[in-house]
Amino acid sequence: MPTKSPVVDRSREMEEKSWWDLWNTSYRTKDDNDAVSSELFARAAGAINGITRNGKCRVLEIACGTGTLSRMLVYYSYYGLDISPAAIEIAQQKSACISLPADASPPTYEAADFCEWPLPVQAFDVAVCVDAISSIRDQPLAMKNIAQSLRIGGYLVLTTINRFVYERIRRTPSTRLESGPVSHWLSRSELHVLIRQAGLTIERSHTIM
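Residues numbered from 1 in each chain as written. Predicted model: local features only at pLDDT ≥ 70, side-chain atom pairs only at ≥ 80, totals over all residues. Heavy atoms only, no water.

### Description of the environment of Ile 98
Counting through the fold element by element, Ile 98 comes out in the loop between helix 3 (85-95) and strand 3 (108-111). With 27 residues separating them along the chain, Ile 98 and Arg 71 place their C-alpha atoms 7.4 Å apart. Residues within four places of Ile 98 in sequence aside, it is in contact with Arg 71, Tyr 75 and Pro 107. (Helix = DSSP H or I, 4+ residues; strand = E, 2+ residues; numbered from the N terminus. Contact = heavy atoms within 4.5 Å.)

Have a look at this one:
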């Protein structure tokens, strides 16, 4: 009796940029992808918009992916970075279909490695990093760069997913995706140390999933 062929995991031998291209083109082409990620984006957007709706805020998003979160935000200007050129291409295509308030500029997306990205000339009011810090190869450098990209009194909204939650939602029905280029899974205490070492103050910290 013939047996089913095992599902081939194409991600195991991929370098970082290619892995994220695969992830974004196979699992992040839709905004409303699954209940877990939709809840995460909704909660993150709520926290960010609670800050940005009170003024003309410049928003920087690190690891913006295909731009799902950006299309839920209130901002004066938005700059999204992602290491995946495929993700940025999708984000740019979708940005052409959104309506913006009269005083807001169109979002800008750039394919770039944040660890190598030059610091901005003009500081941002809000920095956002959703579920990406565990995959950044130099986490202390990234957190330092985030802090230096913010104006004095600016805000960082950051989430990092629980490893065991991630292992339940990482696969699609047709594409097996392992954990990808994870640099280091951060515990809550490790994340707090990183944040403080970068010179930032923790205003609020929640566990939501």
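### Things to note about the environment of Met 72
Counting through the fold element by element, Met 72 comes out in the loop between strand 1 (58-62) and strand 2 (77-82). For Met 72, a relative accessible area of 35% puts it in the partly exposed group. Sequence-wise, Met 72 and Asp 31 are 41 residues apart; in three dimensions their C-alpha atoms are separated by 10.0 Å. Setting aside residues up to four positions removed in sequence, Met 72 forms contacts with Phe 41, Ala 42, Ala 45 and Asn 49. (Buried < 20%, exposed > 50% of the residue type's maximum accessible area, 1.4 Å probe, protein only.)

### Digging into the pattern of salt bridges
Applying the stated criterion across every chain, the model contains six salt bridges. Glu 39 is paired through a salt bridge with Arg 43; the nearest N and O atoms lie 2.9 Å apart. Of the two residues, Glu 39 and Arg 43 both sit in helix 2 (residues 35-52), four residues apart, roughly one turn of that helix. Exposure remark for Glu 39: the relative accessible area of 33% places this residue in the partly exposed category. Its relative accessible area of 44% is what places Arg 43 among the partly exposed residues. One connected set of salt bridges, linked through shared partners, spans Asp 31, Arg 71 and Lys 94. (Salt bridge = Lys/Arg side-chain N within 4 Å of Asp/Glu carboxyl O.)

### Structural notes on the environment of Leu 22
Considering the arrangement of structural elements, one finds Leu 22 in helix 1 (residues 16-27). By relative accessible area, Leu 22 is classed as buried at 9%.

### Structural notes on the nonpolar core
Of all hydrophobic cores here, the largest spans 24 residues; its most connected members are Ile 62, Phe 114, Trp 117, Ile 133, Met 143 and Ile 146. Mapped onto this core, the elements with two or more residues apiece are strand 1, strand 4 (124-130), helix 4 (139-149), strand 5 (150-159) and helix 6 (188-197). Ignoring any residue separated from it by four or fewer positions in sequence, one finds Phe 114 in contact with Ile 62, Leu 81, Ala 142, Asn 145 and Ile 146. (Core = buried A, V, L, I, M, F, W, Y, C linked by side-chain atoms within 4.5 Å.)

### Points about the packing of helix 4 against helix 6
Where helix 4 contacts helix 6, the two axes come as close as 8 Å, and the packing angle between them is 50 degrees. By the criterion of interaxial angle, the relationship of helix 4 to helix 6 is oblique. Judged by the sense of rotation from one axis to the other, the crossing of helix 4 with helix 6 is right-handed. Along its contact with helix 4, which presents Gln 139, Pro 140 and Met 143, the element helix 6 presents Leu 191, Leu 194 and Ile 195. Residue composition of the contact of helix 4 with helix 6, by class: five nonpolar, one polar and no charged. (Axes fitted to C-alpha atoms, helices over the stretch in contact; angles between N-to-C directions. Parallel < 35°, antiparallel > 145°, perpendicular 65-115°, else oblique. Left-handed = near helix turned anticlockwise from the far one by under 90°. Nonpolar A, V, L, I, M, F, W, Y, C, P; charged D, E, K, R; others polar.)

### A look at helix 6
Owing to its 3.6 residues per turn, the α-helix aligns residues three or four sequence positions apart on the same side. Taken as a whole, helix 6 has its buried residues at Leu 191, His 192, Leu 194 and Ile 195. Taken end-on, helix 6 shows its buried residues confined to a sector of 160 degrees, consistent with a single buried face. Turned more than 90 degrees from where helix 6 packs its buried face, Arg 196 and Gln 197 sit exposed. Residues of helix 6 that are buried make contact with helix 4 and strand 5. (Arc of directions from axis to C-beta.)

### Observations regarding the layout of surface pockets
In this structure, the largest pocket encloses a volume near 1,300 Å³. Elements that contribute at least two residues to the lining of the largest pocket include exactly helix 2, strand 5, helix 5 (163-169) and helix 6. Here the lining of the largest pocket gets nine residues from one element, more than from any other, and that element is strand 5. For the lining of the largest pocket, a count of residues per class yields 21 nonpolar, 12 polar and seven charged. (1 Å grid on protein atoms, 1.4 Å probe; cavity = no way out; pocket = protein on both sides within 12 Å on 5 of 7 lines; lining within 4 Å. Points joined across faces, edges and corners; volume = space filled by probe spheres on them.)

### Looking at empty space enclosed by the protein
A full pass over the atoms with the stated rule returns one cavity of 30 Å³ or more. Estimates place the volume of the largest cavity at around 700 Å³. Together, 39 residues line the largest cavity, and Trp 20, Ala 63, Val 130, Asp 131 and Ala 132 are the ones closest to its centre. In terms of residue class, the lining of the largest cavity is made up of 23 nonpolar, nine polar and seven charged.

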